[in-house]
Structure formats: structure tokens, C-alpha cells
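Here is what each chain is made of, one letter per residue.
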Amino acid sequence: MAMQGETKMGSKNVGRRSFLVGIGAMAVSGCVATPRQAPVVSVAPVPAPAAKPTPAVPPMYYAMPHERFPIPAVDVTQLDERFWRTEVDYPTDEKPGTLIVDTPGKYLYHVKPGGRATRYGIGVGRDGFSWAGRAIMAYRRKWPRWTPPDSMVARQPELEPYSIANGGMDPGMKNPLGARALYIHKDGKDTLYRVHGTPEAWSIGKAVSSGCIRLVNQDVIHLHDEVRDGSPIVVIPDPAMKHLLVG
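Criteria and thresholds
- Residues numbered from 1 in each chain as written.
- Predicted model: local features only at pLDDT ≥ 70, side-chain atom pairs only at ≥ 80, totals over all residues.
- Heavy atoms only, no water.
- Phe/Tyr/Trp six-rings, centres within 6.5 Å; stacked < 30°, edge-to-face > 60°.
- Buried < 20%, exposed > 50% of the residue type's maximum accessible area, 1.4 Å probe, protein only.
- Helix = DSSP H or I, 4+ residues; strand = E, 2+ residues; numbered from the N terminus.
- Polar contact = N/O pair within 3.5 Å; in protein donor to acceptor, adjacent residues only side chain to side chain.
- Contact = heavy atoms within 4.5 Å.
- Pairing = 2+ DSSP bridges.
- Salt bridge = Lys/Arg side-chain N within 4 Å of Asp/Glu carboxyl O.

**Comments concerning the packing of aromatic side chains**
And then number 1: In total, this model carries 6 aromatic pairs according to the counting rule given.
And then number 2: With a centroid separation of 6.1 Å and an interplanar angle of 55°, the aromatic rings of Y107 and Y109 are classed as tilted.
And then number 3: Residue Y107 is classed as buried on the basis of its relative accessible area, which comes to 12%.
And then number 4: Summarising the aromatic geometry, the rings of Y139 and Y183 are spaced 4.6 Å apart at their centres and angled 15° between planes, so their arrangement reads as stacked. Of the two residues, Y139 sits in strand β6 (residues 133–142) while Y183 sits in strand β7 (residues 180–186), which places them 44 residues apart along the sequence.
And then number 5: Through a chain of ring-to-ring contacts, the aromatic side chains of F83, Y90, Y107 and Y109 assemble into a single cluster.

**Digging into the side chain of R214**
And then number 1: As for its position among the elements, R214 is in strand β9 (residues 213–216).
And then number 2: Take R214: its relative accessible area is 9%, and that puts it in the buried class.
And then number 3: Reaching out from R214, the side chain makes a polar contact with the side chain of E200 at a distance of 3.0 Å.
And then number 4: A polar side-chain atom of R214 sits 3.1 Å from a polar atom in the side chain of S203.
And then number 5: For R214, the residues in contact, after removing those within four places along its chain, are G121, I122, G123, H196, T198, E200, S203, I204 and V208.

**Things to note about helix α3 (residues 217–226)**
And then number 1: Buried residues dominate α3, accounting for 7 of its 10 residues.
And then number 2: Within α3, the full set of buried residues consists of N217, Q218, D219, V220, I221, L223 and H224.

**Quick word on unusual backbone geometry**
And then number 1: A positive phi is found at W143, a non-glycine position, where the angle reads about 40°.
And then number 2: One can find W143 in the loop between β6 and α2 (150–155).

**Some details on the pairing of strand β8 (residues 189–198)**
And then number 1: Burial of β8 is extensive: 7 of the 10 residues sit out of reach of the surface.
And then number 2: Bridge count between β7 and β8: 6 bridges; the pairing is antiparallel. Looking across to β8, one finds that K186 is bridged to K189.
And then number 3: Hairpin connection, β7 to β8: the antiparallel pair is bridged by 2 residues, and D187 has positive phi, about 55°.

**Digging into the environment of A73**
And then number 1: By secondary structure assignment, the location of A73 is in the loop between α1 (2–31) and β1 (86–89).
And then number 2: Taking relative accessible area as the criterion, A73 reaches 40% and is therefore assigned partly exposed.
And then number 3: Expressed as a C-alpha distance, the spacing of A73 and A63, which sit 10 residues apart in the sequence, is 3.8 Å.
And then number 4: Those residues in contact with A73, other than ones at most four positions away along the chain, are Y61, Y62, A63 and Q218.

**Some words on the pairing of strand β10 (residues 231–236)**
And then number 1: Of the strand pairs in this sheet, strand β2 (residues 99–102) and β10 are connected by 4 bridges, and their pairing is parallel. Bridge pairing in β10 places V101 opposite V235.
And then number 2: Direction of pairing for β6 relative to β10: antiparallel, over a ladder of 5 bridges. For A135, the partnering residue across the bridge sits in β10 and is I233.

**Thoughts on the pattern of salt bridges**
A side chain of one charge can pair with a side chain of the opposite charge when the charged atoms of the two come close.
And then number 1: With the rule as written, the count across this model stands at 10 salt bridges.
And then number 2: Where D89 meets R116, a salt bridge forms, and the shortest distance between an N and an O atom there is 2.8 Å. Placement of the pair is D89 in strand β1 and R116 in strand β4 (residues 116–121), with a sequence separation of 27 residues.
And then number 3: Ionic pairing is found between K112 and E226, a salt bridge with its closest N-O pair at 2.7 Å. Of this pair, K112 sits in strand β3 (residues 107–112) while E226 sits in helix α3; the two residues are 114 residues apart in sequence, bridging distant segments of the chain.

**Some details on the environment of Y107**
And then number 1: Here Y107 shows up in strand β3.
And then number 2: Distance from Y107 to I204, taken between C-alpha atoms, is 9.3 Å for residues 97 residues apart in sequence.
And then number 3: For Y107, the residues in contact, after removing those within four places along its chain, are R82, F83, I100, V101, D102, R119, Y120, G121 and I122.
And then number 4: Polar contacts involving the side chain of Y107 include one to the main-chain carbonyl oxygen of R82, which spans 3.1 Å.

Right under this line is the structure:
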């Protein structure tokens, strides 16, 4: 009887322990739940804006290695395409062969027959505003010497080595007149006004600090070969620079 009672008691104890273990397990599993992870949202990377393609250099602006002083290709990333040399419709009463300098628009037109013209982009400096009106393109020079006027030398003494008395600056890529220069005369006198070349493509379409009317060297060479000595030239002034006009 005692053993039977112990068996019953043991069964009760085992049952109690199992019950407590089960409760404990339920309690543990209820308090320490596995944390839910927030869903990972994948965000596609925003693509960087596409780089503007570098324009191809047109043949007219290729390097000119066979010039007296080799000329590099024009950096067309510095020359807005609207200032590239081109043929345009240009109805005008001026006769073919006339040069028209549109100072406000930053263009030079060489009038052709049939209402057409070759248009060149230009840069304009202070000296480019100092004369306006009608004159003639008296003569042209390849790889000209630069002789700053005495008045300029007086303002900038560092130019004394290149003064008229000292024979001017030798031609070359550092010469301010570039590869070609066209000399403008009125009533038989030099206006000191020049149309000339420059290697500084960035200055085309702008009002730069000094100089007359500048074209990239490839364009001024083209113009030099197209124009004829004695051709008329008409210079349209920029109204904003009217106070600089001297004649």
C-alpha cells in the first residue's frame, strides 16, 4: 500500500513538475519573443546626370601644323557653336566683298553675292569700341609684327620693348595680332583699328580687356584669304560703349 501510495505521489510530483516546466516554457516564450525585423526596402541609386558629350572638332578648326608657326586645333569646348564660322542668309544693301562688323552681336559678316554672307564669331576689346563707321580694309599681313601705339606704351611702360621706336613684337603665337591682321584706314589714314587672330577661343563672343576685333586664328586665316585689299568695311558700334567712340 505504501508503495502504491508513493507511486501515486510520485506521479503527482512528476505531473506537477511537467506542468511547471510547461508553464515556464510558455512564460519564457511569451516574454522573449524573437524581434521582428523591418522589411528592407531597396532604393535604386539615382543615376548621375549624363556628361554633356564633347563636340567633335569640325575640319575647319583642325590644327594647322604647316603654318609658319604651327597652330593647334581650336578647343571647341571653349567656343560656343553659335560662333562657329558658317554661311548664312544676309540680305543687305552693301555690295559683295564688304565686311560688316556687328559689335553688339559679336559677329563679323563678309558679304557674298545672292544675299549670303560668311559669318564669323568675334571677340571685342576696348579698342574695338573706339572706332565705328565706314572705312576700307587697306591691306593684310600674314604673321604681322605688333607695334603698340605710343599712347598705349605711355599707359603700360612694360610694353616699351615693343614700341614703334624699337620695331614692335616679333610675329608668333604670343603676338597679340595672331596669325593674320587686317588694317583699317579712313581718308587715307590709319584708324589703328585691326581685325586680327587669337589662339584664345574662350574670348570669342565676349568683350575682352584689350585688342580690337579678334577671330580664332583658323577663322582669320580664312577671312584673310577671302577678302581683298581695298574692301569696304562697316563697323556697327555697341550702344553700351557709345562714350568710347572717337569718330
